[in-house]
Amino acid sequence: MGLLGQILYFSVHPNQLRDILQWKLWHDPVHTRTPEKESPTLRQCFKYLDMTSRSFSSVIQELNPELLVPVALFYLILRGLDTIEDDMSIPLATKEPLLKNFQDILEKDGWTFDGNGPTEKDRELLVHFDCVITEFKLIKPKYQEIIKDITKKMGDGMAFYANNAEYNADGVNTIEQYGQYCHYVAGLVGEGLTRLFVESNLANAALLQRPELSESMGQFLQKTNIIRDIREDLDDKRRFWPKEIWSKHVTKFEDLIDPKNLPAALACSSEMVLNSLQHVEECLFYMAGIKDQSVFNFVAIPQAMAIATLELVFQNPQIFERNVKITKGDACHLMMESSQNLRTVCDIFKRYIRRILKKNTPRDPSFMEISIACGKVEQFIESIFPSQDPKKLTLIHAGEVTVADKKRAAEAAEAKKDVFYLLLAVMGTLLVISALMVGVAYLAGARFDVAVSELSKGNFMPNFDKGSAEAQAIVHKHDHPDL
């Protein structure tokens, strides 16, 4: 979208512009990274972090200093592993030992890899992977041990799928295999991060006794992305939606993108959404065990984005045409909301769960199951933060307003005022640009006097042939022979 397109878009969506400006100008990170105190190799690592994932990079760089570097390196190491696994141009004979032994590579000084195809988007990370290894050896041994263990488990899982002829030919077959695949690529990440959080004393150690919680954190993110990326993955000849689900609705997986099969495709996507919704309650339970604000922001922001994305893809036919994403304004609003506390995160989930319920239709075969799943989430949130607060009810009966209600009312009034000023600013910008364009056109010789004359006669849509006698007569009528 060009500059003019953005101006026009924000002129009719001023709330989006307000949220973007609020995040950019007034967001106050819990911790701030100091690049000037870092070694050249560490700065290079953060450069590749920015290159491989801007969204994760921003939240990682606001982490508690104790975990900033370990988590950044953990991400880069798994991204390097994933870059090898994703590249179909690497022969299996080369790929398999790399995947299985990637944890040992972390001990090899100066190791790099230039065997990726030239179009592989993250190949530069592996070409300069020696800087990651250098910094990895400098972090605490307890963090190294956790990262190497997860790298080993994930590498073995990736090697299994790379070597699985049935998977490579047909994609994921059963719902159980679907869960297993998401475990290897996302659930293990949740396990590793949880162990890092607990080891650094920034999360409750009880989380390690409930591994299903961290598993759900990873699975919810991964499954939501798989639903969203259906068209992109299909174009790349990858199939992650389990056959056990899509075969109920269409004969061939490719039939999902055929417009004539749209009702069946939407019913199939609803079943995929239902499968993802089963993890929501455990995600919220997990976040209650985080003790550090920066770590809470780190885990809460992606989850808030995921529930918003899940609502966006639900009953949305556009997912079969292109990759859909939440708007940048919505993303900024979610980041501001979710970087506060568990109550605000629960409010986000409740809001989007209700939107899913509103879009749910009795014509959908999964209508009842989705309604029940959404009801369970609301019930779980109600058990944590009851809406029927006795203190609040007492104030209401006394005719008083709670402090929280006063604050919300003040924020709503301020938001309306901000939107008004933003709308004025956008309209003023459009007016200035229009005036400049008219001025430039006038200086270039545009005949506005001809246009005004014709408009005053009610001739709003003149239909003269170029160079016709009638057109020439109008031009000569307004000529100035003295010039």
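Scroll up a little and you will see the structure.
Residues numbered from 1 in each chain as written. Predicted model: local features only at pLDDT ≥ 70, side-chain atom pairs only at ≥ 80, totals over all residues. Heavy atoms only, no water.

Student: Tell me about the overall build of the chain, and please be specific about residues and values.
Tutor: Helices and strands together make up the secondary structure of the chain, namely 25 helices and zero strands. The buried share of the chain, reckoned over its 483 residues, is 46%. Once local pairs closer than 6 in sequence are excluded, the contacts in the chain between residues at least 24 apart make up 72%. Per element, the accessible surface of the chain, about 25,500 Å² overall, is 57% carbon and sulfur. (Helix = DSSP H or I, 4+ residues; strand = E, 2+ residues; numbered from the N terminus. Buried < 20%, exposed > 50% of the residue type's maximum accessible area, 1.4 Å probe, protein only. Contact = heavy atoms within 4.5 Å. Areas by Shrake-Rupley, 256 points an atom, 1.4 Å probe, with all protein chains shown as cover.)

Student: I'd like a rundown of the packing of aromatic side chains, residues and numbers included.
Tutor: This structure, assessed with the given rule, holds 14 aromatic pairs. By the ring-pair criterion, three or more aromatic residues cluster together here, those being Phe160, Tyr161, Tyr181, Tyr184 and Phe240. (Phe/Tyr/Trp six-rings, centres within 6.5 Å; stacked < 30°, edge-to-face > 60°.)

Student: Quick rundown of the packing of helix α17 (residues 280-287) against helix α20 (residues 342-359)? Include the residues and the values.
Tutor: The geometry of α17 relative to α20 is characterised by a closest axis approach of 10 Å and an angle of 165° between their N-to-C directions. Comparing their axes, α20 and α17 come out roughly antiparallel. Crossing hand, α17 versus α20: right-handed. Of α20, the residues touching α17 (which contributes Val280, Leu284 and Met287) are Leu342, Val345, Cys346 and Phe349. (Axes fitted to C-alpha atoms, helices over the stretch in contact; angles between N-to-C directions. Parallel < 35°, antiparallel > 145°, perpendicular 65-115°, else oblique. Left-handed = near helix turned anticlockwise from the far one by under 90°.)

Student: Outline the side chain of Asp255, listing residues and values.
Tutor: Structurally, the position occupied by Asp255 is in the loop between α15 (243-246) and α16 (262-277). Despite being buried, Asp255 has no salt bridge partner; Lys252 is the closest side chain of opposite charge, sitting 4.6 Å away. Among residues more than four places away in sequence, those in contact with Asp255 are Val250 and Asn261. (Lys, Arg positive; Asp, Glu negative; His and termini not counted. Salt bridge = Lys/Arg side-chain N within 4 Å of Asp/Glu carboxyl O.)

Student: Can you tell me about unusual backbone geometry, naming the residues and giving the values?
Tutor: Look at Asn201: it is not a glycine, yet its phi comes out positive at around 65°. Secondary-structure assignment places Asn201 in the loop between α12 (175-199) and α13 (211-228). Judged by its relative accessible area of 53%, Asn201 is exposed.

Student: Explain helix α21 (residues 367-384) to me, and be specific about the residues and the numbers.
Tutor: Residue pairs three or four apart in sequence face the same way in an α-helix, which turns once every 3.6 residues. An ideal rise of 1.5 Å per residue puts 26 Å on 18 residues; α21 measures up with 26 Å between its terminal C-alpha atoms. Here α21 has its buried residues at Ile370, Ala373, Cys374, Val377, Glu378, Phe380 and Ile381. Buried residues in α21, looked at end-on, bunch into an arc of 155°, giving them a common side. Seen from the buried face of α21, the exposed residues on the opposite side, beyond 90 degrees, are Met368, Gln379 and Ser383. (Expected span 1.5 Å × (residues − 1). Arc of directions from axis to C-beta.)

Student: Before we move on, could you go through the environment of Phe129 and cite the residues and values that matter?
Tutor: With respect to the helices and strands, Phe129 occurs in the loop between α8 (123-127) and α9 (130-136). Judged by its relative accessible area of 0%, Phe129 is buried. For Phe129 and Tyr48, which are 81 residues apart along the polypeptide, the C-alpha to C-alpha distance reads 9.6 Å.

Student: How would you explain the pattern of salt bridges if you had to name every residue and give the values?
Tutor: What the rule picks out here adds up to 24 salt bridges. Salt-bridge contacts for Lys121 lead to Asp122; the nearest nitrogen and oxygen are separated by 3.1 Å. Taking relative accessible area as the criterion, Lys121 reaches 63% and is therefore assigned exposed. Take Asp122: its relative accessible area is 6%, and that puts it in the buried class. Among the ionic contacts, a cluster of salt bridges with common partners joins Asp149, Lys153, Glu191 and Arg195.

Student: Hey, could you go over the packing of α13 against α16 for me, with residue numbers and the actual values?
Tutor: Packing of α13 against α16 brings their axes to within 9 Å, and their N-to-C directions diverge by 170°. Relative to α16, α13 is oriented roughly antiparallel. For the pair formed by α13 and α16, the contact residues are Phe220, Lys223, Thr224 and Ile227 on the first element and Met272, Val273, Asn275 and Ser276 on the second. A breakdown of the residues in the contact of α13 with α16 according to their chemical character gives four nonpolar, three polar and one charged. (Nonpolar A, V, L, I, M, F, W, Y, C, P; charged D, E, K, R; others polar.)

Student: Give a detailed account of the side chain of Glu85, specifying residues and quantitative values.
Tutor: Mapped onto the elements of the fold, Glu85 is located in helix α5 (residues 65-86). Excluding anything up to four places from it in sequence, Glu85 contacts Lys95, Leu99 and Met158.

Student: Can you tell me about the nonpolar core, naming the residues and giving the values?
Tutor: Ranked by size, the top nonpolar core spans 124 residues in total, and within it Phe129, Phe197, Trp241, Leu256, Leu277 and Met287 carry the most contacts. Setting aside residues no more than four positions away along its own chain, Trp241 makes contact with Val172, Ile226, Ile227, Ile230, Trp246, Phe253, Leu256, Cys268, Ser269, Met272, Ile319 and Phe320. (Core = buried A, V, L, I, M, F, W, Y, C linked by side-chain atoms within 4.5 Å.)

Student: I'd like a rundown of helix α2 (residues 14-26), residues and numbers included.
Tutor: Compared with an ideal rise of 1.5 Å per residue, which puts 13 residues at 18 Å, α2 spans 17 Å between its outermost C-alpha atoms and is within 8% of the ideal. Burial in α2 covers these residues: Pro14, Gln16, Leu17, Arg18, Asp19, Ile20, Gln22 and Trp23.

Student: How would you sum up a nonpolar patch on the surface? Please name residues and give values.
Tutor: A cluster of nonpolar residues, Val438, Tyr442, Leu443 and Phe448, forms a patch on the protein surface that exposes about 460 Å² of accessible area. By relative accessible area, Val438 is classed as partly exposed at 44%. (Patch = residues over 30% accessible without salt bridge, like charges linked within 9 Å, V, L, I, M, F, W, Y side chains within 5 Å.)

Student: Give a description of the environment of Ser39 that names residues and reports values.
Tutor: Take Ser39: it is sitting in the loop between α2 and α3 (40-52). Residue classification places Ser39 among the partly exposed residues on the basis of a relative accessible area of 29%. Here the alpha-carbon distance between Ser39 and Glu135, two residues 96 residues apart in the chain, equals 9.1 Å. Polar contacts involving the side chain of Ser39 include one to the side chain of Thr41, which spans 3.2 Å. (Polar contact = N/O pair within 3.5 Å; in protein donor to acceptor, adjacent residues only side chain to side chain.)

Student: Account for the environment of Leu49, with residues named and values stated.
Tutor: Along the chain, the position of Leu49 falls in helix α3. A relative accessible area of 0% places Leu49 in the buried class. C-alpha of Leu49 to C-alpha of Ile60: the two residues are eleven residues apart in sequence and 9.3 Å apart in space. Residues in contact with Leu49, not counting those within four places in the same chain, are Ser57, Ile60, Ala72, Tyr75 and Leu76.

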